[in-house]
Amino acid sequence: MLAIEVALLTGRYVATAVDDRDRAEWPPHPARLFSALVAAYFDTLDPSADERAALEWLERQGPPEITAPEAAAREVVTVFVPVNDTSVVGSLDDEALTVREARAELDAARPAGGKPLAAAEKKLVKAEARFLEAVRKAIAPVPAGKEGKDGPVKAASILPERRTRQPRTFPSSAPAEMEPAMPRIVFAWPSATPTPEQRAALDALAARVTRLGHSSSLVTARVRDDRPEATWIPDDTGPGRTGDEAVLRVVGPGQLAALGAAFELQADTPGRVMPASFQRYVRPRAAGEASAPAPLFGDGWIVLRRVAGPRLPSIRAVDVARTVRKAMMAAYGPGAPEILSGHRASGGPSERPHLAYVPLPFVGSEHADGAILGVALILPRDVTRDERLAVYRALDAWERRARGGDEEPPRLPVHLGKAGELMLERLEEQTSATTLRPATWCAEAASWASATPVALDRNPGDLGARDPQKEAAACAEAEATLAVACERIGLPRPSRVTVMPAAPLAGADKARRFPPFHAGKPPVQRVLVHATLTFDAPVRGPILLGAGRYFGLGLFRPLRANG
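Rules and cut-offs
Residues numbered from 1 in each chain as written. Predicted model: local features only at pLDDT ≥ 70, side-chain atom pairs only at ≥ 80, totals over all residues. Heavy atoms only, no water. Phe/Tyr/Trp six-rings, centres within 6.5 Å; stacked < 30°, edge-to-face > 60°. Helix = DSSP H or I, 4+ residues; strand = E, 2+ residues; numbered from the N terminus. Buried < 20%, exposed > 50% of the residue type's maximum accessible area, 1.4 Å probe, protein only. Pairing = 2+ DSSP bridges. Axes fitted to C-alpha atoms, helices over the stretch in contact; angles between N-to-C directions. Contact = heavy atoms within 4.5 Å. Salt bridge = Lys/Arg side-chain N within 4 Å of Asp/Glu carboxyl O.

S.K.: Which parts of the structure should I look at to understand the packing of aromatic side chains?
M.R.: Pairs of aromatic rings are described using the distance from one ring centre to the other and the angle between the two planes. Per the counting criterion, the structure on display carries three aromatic pairs. Relative to Trp26, the ring of Tyr13 has its centre 5.9 Å away and its plane inclined at 65°; by these criteria the two rings are edge-to-face. Highlighted residues: Tyr13 in strand E2 (residues 13-14) and Trp26 in the loop between strand E4 (20-24) and helix H1 (30-42), separated in sequence by 13 residues. Judged by centre distance (5.7 Å) and plane angle (65°), the ring pair of Phe297 and Tyr550 falls under edge-to-face. With Phe297 in the loop between strand E14 (277-284) and strand E15 (302-308) and Tyr550 in the loop between strand E25 (528-539) and strand E26 (556-559), this residue pair connects regions lying 253 residues apart in the sequence. Like Phe297, the residue Tyr550 is buried in the burial classification.

S.K.: What is the right way to look at the sheet that holds strand E11 (residues 219-224) in this model?
M.R.: Within a sheet, adjacent strands bond to each other through the backbone by hydrogen bonds, running parallel or antiparallel. If you trace the four strands from one edge of the open sheet to the other, you get E5-E10-E1-E11, paired in antiparallel fashion. Of all strands in the sheet, those with a lone pairing partner are strand E5 (65-67) and E11, marking the two edges. If you compare each strand with its neighbour and ignore which way they point, the axes differ by 20° on average. Two strands pair when backbone bridges link them, and strand E1 (residues 2-8) and E11 are joined in this way by six bridges, in the antiparallel orientation. Bridge pairing links Val6 to Ala221 in E11. Along the sheet, helix H6 (residues 196-207) contacts E1 and E11; its crossing angle with E11, the most-contacted strand, is approximately 170°.

S.K.: Looking at this structure, how should I read the sheet that holds strand E17 (residues 372-378)?
M.R.: Read from one edge to the other, the open sheet built from five strands follows the order E16-E17-E15-E19-E18, with strand pairing classed as antiparallel. Every interior strand has two partners, whereas the edge strands, strand E16 (356-361) and strand E18 (411-415), have only one. Neighbour-to-neighbour, the strand axes of the sheet open up by a mean angle of 30°, direction not taken into account. When E15 meets E17, the two strands line up antiparallel, connected through four bridges. Residue pairing for E17: Val303 is matched across the bridge by Ala376. In the packing of helix H8 (residues 317-332) onto the sheet, the strands contacted are E16, E17, E18 and strand E19 (421-426), and the crossing angle to E16 comes to about 140°. Along the sheet face, helix H10 (residues 385-402) touches E15, E18 and E19 and points at about 95° away from the line of E18.

S.K.: I keep staring at the pattern of salt bridges and nothing clicks. Help me out?
M.R.: All chains considered together, the criterion is met by 25 salt bridges. Here Glu5 makes a salt bridge to Arg184, at a shortest N to O gap of 3.1 Å. Of this pair, Glu5 sits in strand E1 while Arg184 sits in strand E10 (residues 184-189); the two residues are 179 residues apart in sequence, bridging distant segments of the chain. Classification of Glu5 by relative accessible area gives buried; the value is 6%. Overall, the relative accessible area of 23% leaves Arg184 in the partly exposed class. With a closest N to O distance of 3.0 Å, Arg540 and Asp299 form a salt bridge. Of this pair, Arg540 sits in the loop between E25 and E26 while Asp299 is found in the loop between E14 and E15, placing the two residues 241 residues apart along the sequence. Each member of the pair, Arg540 together with Asp299, is buried. A cluster of three or more residues bridged by salt bridges with shared partners is formed by Glu5, Arg184, Arg222, Arg224 and Asp226.

This is a description of form; function is not addressed.
Next up, the structure:
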């Protein structure tokens, strides 16, 4: 077991969320701790080989458990900070970057030798000459009378009292006090088995860490011999509660090298981004706490949010879903696996759960209008590692095709014909938009309502019959079909199912406004209905029912006790 404790000396943690500069990060991300240890390693004249080996060992241990107190985000106040760099001395960033690139090309050409090496050496000489000339011009005195109209004004702007000021925010969290009073965060790797040498090296690095996050977030750190009960765990390491989750930046093999490369490329560039991967964390379930029944669909979603393009109503859900599926399969290339396509190699429909492409409509609140705010890629709960990697490979290929320059994450185009081009972007952190949070759709609840209508697996008859008996029989058949659909996705049979013509959630579109949906071979038009479900005890989401469940139809939202 390995545990590293971080004590917040000022009683607060100052760090900006990766996707929102006005929101504080909490809990501290494991990648930040690793970066702080790496900074301590390089901040010595003679870095220790033992410490480097310990860091390389640590980056292979996987995401840690985290023990952190509850924290409240402090009010964000905009402050105006003097600008350090001015236009009086021109920027040398471009020339310096050219020199670094030329040196990298020279290193790459050395093994080949000959003409490539000579050309690289010549390029480096020219780049260094341009850099020295730029430096000479920047520091050369301006001859008298050549200052220009704005020369004195620019020169005066260097003085501290004359510097221009730019708005800046420093979001921070104020953790609740623990015993002892100073707030502490513990990162623990329960299954790690460091050698005494690795443990000593990591403790030495931790002792030199002075901050975590912003420079004002002062800390002390140490390796400890025990670990407290975790308050956040990676979602694949133990039973967790659905509805309370966070996506944190973590590290993996090669992180130390990636940090070094990022520093070399961005040392002179403001706003540099920490290289990292992302891991979903959940709250651990208490011992003895019963787990609510869960469906075959998982809650570890990949969410693509709408960032541009038409604001489409939920009645376009199937069109959007099918187009996203087509883009993912095209990105994967020939031989797209069953998890992506929903079809076996023989061409027949898959007999086991596969990836669902689910547009997320804005429903269930006072100002909801039913617009599609994003698309969730929902994997089955029992997905294999290879299937998960296939989905990630397809998404990564789609992003690489769409990436423009250093754009991260890139915008993904969804071409919808006359409706225009919808632009999506992968969410890397939990968002403030309730509709785009998996917890909104996956929480535990006994009552559920449809956000999009269900495409029934069987034709119930005429739900709009004038004969009351025929209408009642059709409704009863539809409700029975929905009850069986719940069992089909691994949930218990609901105690009550109510089919209704109107949408049960604010902002949701009526079933009759949705275009016809066909499924099966030969394709058969399915009856669309809205419904509410009531179970004897809370069940977990996501609930996706009916023949259109893999394309955004039959999406249910949990209802709280107050409805």
